[in-house]
Amino acid sequence: MTTDLETRAAAARPGAPRRAAPALLGYAAVRALGLVVLALWSEARGTSAYTLLTARWDSLWYTRVAELGYGYEVRLPNGDVHSNLAFFPLLPWLERLAAAVSPLSYADGGFVVSLLASLAAAWGIFAVADHLYGPRAGVCAVLLWAVLPVGIVQSMAYSESLFTALAAWALYAVLTGRWVTAGLLAGLAGLTRPVGLAVVAAVWAAGAAAFLRERAGSSFVGDGSAVPAGGARGDDHAGPPPDAPRTGAPYGAPQQPHSPGVRLRRAAGMLLAPLGAAGYVLWVGARTGDGPLGYLEVQAGWRNGFDGGYAFARFVAGRFTSFPSALAGVALIAGVALVVWLYVLCVRRRQPLPLLVYAGTVTALALCASSYFGSKPRLLMPAFPLLLPLALVLARARTRLLAAGLGAAAAASAAYGAFWLNGSGPP
C-alpha cells in the first residue's frame, strides 16, 4: 500500500533539478539570445541595453521604493497622482537586500533578482507541466513561455518573473498536497503584484473542493485528475489519454485525505494564502487614511481599475476609425480570441481546478482592467497554464521540427523584444 511519504516522494520527482535541466538550459538559451539581440540592437541605436532593462518605466519605481521607501508620488498636470504605493513591496525588499549584502546597486539587484526568478519560474512551470503531462510537455511549456513576444520582460527588473515563480511553485505545491507551502508561496505572491489574488483564489478553490469531497464521503472526484498515471509513454513523449492530467489523486492528495493532520495543513495553507496581499492593502489604507479601500484610490490615481473590459472594448473599437489603425484593431481582437480559445481548451482538457482558477483570474484581471492597454500582453504573461494545451501538441511533434519551430519563435521574440524596448517599451 502506498504511504503518504511515498506519495510525496513520487510527487516531488517532476521538480528534481536533473529532470528539469533540459527545460532550464533551453530557457536560458532563449533568454540569452534575447539579451544578445537587445544589446546589438541598442548599440546600433546608441542606447544602453542595461538601462532599458533596469532603469526605465516601472523599474525606476521599484528602485525608488527600495532606496527611499514609500511616499514618493508624481502629480500630473491633469490632476492624476502617481504614487509608489501602487507597487507591491517584495521586489523592492529583495533589491534592498541585494544592495545591503553586496556591492550591487538597487537597479543591479533588481536585475539579478529577475534573472534568478525567471529561472525559478521556468523550473516551476516545468514542474507543473511535468507533473500533469510528462517531461517532454514540461520542456515545451517552458520554451513556449520563454518565446512569448513580450518575453524580454522576464529579464527586466520588473516583478513579472518573481510573481510567476511564486505562482508556479504555489500551484505545484497545491497539486502535490503541500498545503502549508502553497499558502506561504501564495502569501509571498500577494506581496509581489495585485494579481496575487489569483494565487490565493487557486489555493482556496482547491482547498474548498477538498473539503467538499470529504463531506461527500469520497476520496476522489472526476476532475480530470483521476486517471491512470500513464500520461507519458515510456519514451518520455507526452501522450495522456485523452489529453487528461495524469495525477492519480486530485491535487496530489495522500491516500488518507480525511486524516486530521491533512485537514489541519490544508486549513493552515488556506489561512496563510491571503495574508500577504491583505496585509499590504490594509497597510496602504492605514497610511493613506482611506481605510480598506485606500489601495483602490491609489490605483485610481494611475487610472487603473476594473470595469469588466468596457474601457478596453472602447479602445479596440477606436482602432477602426481609420484604415491603418484598423489592422491593429483586428490584431487585438484576434489576440483576445486566442487567449479565450486557449482557456476554453484548458477547460475542455480538464486541467486541475487550481490551474483553471488561477489562469482564469489572471486573464480576467488583465483583460477587464481599465489600465494602460499596451500593458495587457505583459499582464497576461504569468497565465502560463494557458500554454499547456499548446505544449501538449508540440510534445508530440518530431524533435527536429520542434527545435526548428521554437528556434524561429525565439529569434522572432528576441527581435521584437529589442525593437519594443528601443521604442515605446513596456508601460
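My aim in this report is to walk through the structure given alongside it, one point at a time. A quick note: this is a predicted structure, and the numbers were derived from the prediction, not measured.

## Details of the overall build of the chain
So, step 1. Of regular secondary structure, the chain possesses 19 helices and two strands.
So, step 2. A total of 427 residues make up the chain; the buried ones form 51% of that total.
So, step 3. As displayed, the chain has an accessible area near 18500 Å², and 69% of this comes from carbon and sulfur atoms.

## Quick notes on unusual backbone geometry
So, step 1. A positive phi is found at Arg303, a non-glycine position, where the angle reads about 60°.
So, step 2. Among the structural elements, Arg303 can be located in the loop between helix H13 (294–301) and helix H14 (310–318).
So, step 3. Look at Arg350: it is not a glycine, yet its phi comes out positive at around 60°.

## Things to note about the nonpolar core
So, step 1. The biggest cluster of nonpolar side chains holds 108 residues, and the ones touching the most others in it are Leu38, Trp145, Val199, Tyr280, Tyr358, Phe384 and Leu421.
So, step 2. Setting aside residues up to four positions removed in sequence, Trp145 forms contacts with Tyr27, Ser118, Ala121, Ala122, Ile125, Gln154, Thr164, Met381, Phe384 and Leu387.

## Re helix H19 (residues 399–421)
So, step 1. Look at H19: 32 Å from first C-alpha to last across 23 residues, which is about the 33 Å you get at 1.5 Å a residue.
So, step 2. Those residues of H19 lying buried are Leu402, Leu406, Ala410, Ser413, Ala414, Gly417, Ala418, Trp420 and Leu421.
So, step 3. In this structure, the buried residues of H19 make contact with helix H2 (17–45), helix H3 (49–54), helix H7 (135–146) and helix H18 (388–395).

## Some thoughts on the environment of Ala137
So, step 1. One can find Ala137 in helix H7.
So, step 2. Take Ala137: its relative accessible area is 1%, and that puts it in the buried class.

## Looking at the packing of aromatic side chains
In this description, a pair of aromatic rings is defined by centroid distance and the angle of the planes.
So, step 1. Using the criterion set out here, one finds 18 aromatic pairs in the structure.
So, step 2. Here Tyr70 and Tyr280 contribute two aromatic rings whose centre-to-centre distance is 5.8 Å and whose plane-to-plane angle is 45°, an arrangement assigned as tilted. Of the two residues, Tyr70 is situated in the loop between helix H4 (58–68) and strand E1 (73–75) and Tyr280 in helix H12 (residues 275–288); the sequence distance between them amounts to 210 residues.
So, step 3. According to the relative accessible area criterion, Tyr70 is buried, its value standing at 17%.
So, step 4. The aromatic ring of Trp57 is capped on one face by Arg56, whose charged end is 4.2 Å from the ring centroid.
So, step 5. Sitting over the ring of Phe315, Arg319 keeps its end group 4.4 Å from the ring centre.

## Some words on the side chain of His82
So, step 1. Positionally, His82 belongs in strand E2 (residues 81–83).
So, step 2. The buried category is assigned to His82, whose relative accessible area is 17%.

## A closer look at the packing of helix H9 (residues 179–190) against helix H11 (residues 260–272)
So, step 1. At a closest axis distance of 7 Å, the pairing of H9 and H11 adopts a crossing angle of 0°. Our classification of the angle between H9 and H11 gives roughly parallel. On the side of H9, the interface is formed by Trp179, Val180, Gly183, Leu184 and Gly187, while H11 contributes Arg265, Arg266, Ala268, Gly269 and Leu272.
So, step 2. Within the contact of H9 with H11, the residues separate by chemical class into five nonpolar, three polar and two charged.

## Some remarks on the pattern of salt bridges
So, step 1. Here the structure, examined in full by the defined rule, presents seven salt bridges.
So, step 2. Residue Arg266 is joined to Glu214 by a salt bridge in which the shortest nitrogen-to-oxygen separation is 2.8 Å. With Arg266 in helix H11 and Glu214 in helix H10 (residues 196–215), the pair connects residues that are 52 residues apart, well separated along the chain. Across the pair, Glu214 and Arg266 agree in class, each one buried.
So, step 3. Among the charged side chains, a salt-bridge network with shared partners connects Asp58, Glu160, Arg193 and Arg378.

## Some details on H12
So, step 1. Look at H12: 20 Å from first C-alpha to last across 14 residues, which is about the 20 Å you get at 1.5 Å a residue.
So, step 2. Residues of H12 that are buried: Gly276, Ala277, Tyr280, Val284 and Gly285. For H12, the buried positions fall inside an angular range of 160° around the axis, keeping them on one side. Residues of H12 that are exposed and point over 90 degrees away from its buried face: Leu275, Leu282 and Ala286.
So, step 3. Where H12 is buried, its residues touch H9, H10 and H13.

Definitions and cut-offs
- Residues numbered from 1 in each chain as written.
- Predicted model: local features only at pLDDT ≥ 70, side-chain atom pairs only at ≥ 80, totals over all residues.
- Heavy atoms only, no water.
- Helix = DSSP H or I, 4+ residues; strand = E, 2+ residues; numbered from the N terminus.
- Buried < 20%, exposed > 50% of the residue type's maximum accessible area, 1.4 Å probe, protein only.
- Areas by Shrake-Rupley, 256 points an atom, 1.4 Å probe, with all protein chains shown as cover.
- Core = buried A, V, L, I, M, F, W, Y, C linked by side-chain atoms within 4.5 Å.
- Contact = heavy atoms within 4.5 Å.
- Expected span 1.5 Å × (residues − 1).
- Phe/Tyr/Trp six-rings, centres within 6.5 Å; stacked < 30°, edge-to-face > 60°.
- Lys NZ or Arg CZ within 6 Å of the ring centre and 35° of its normal.
- Axes fitted to C-alpha atoms, helices over the stretch in contact; angles between N-to-C directions.
- Parallel < 35°, antiparallel > 145°, perpendicular 65-115°, else oblique.
- Nonpolar A, V, L, I, M, F, W, Y, C, P; charged D, E, K, R; others polar.
- Salt bridge = Lys/Arg side-chain N within 4 Å of Asp/Glu carboxyl O.
- Arc of directions from axis to C-beta.

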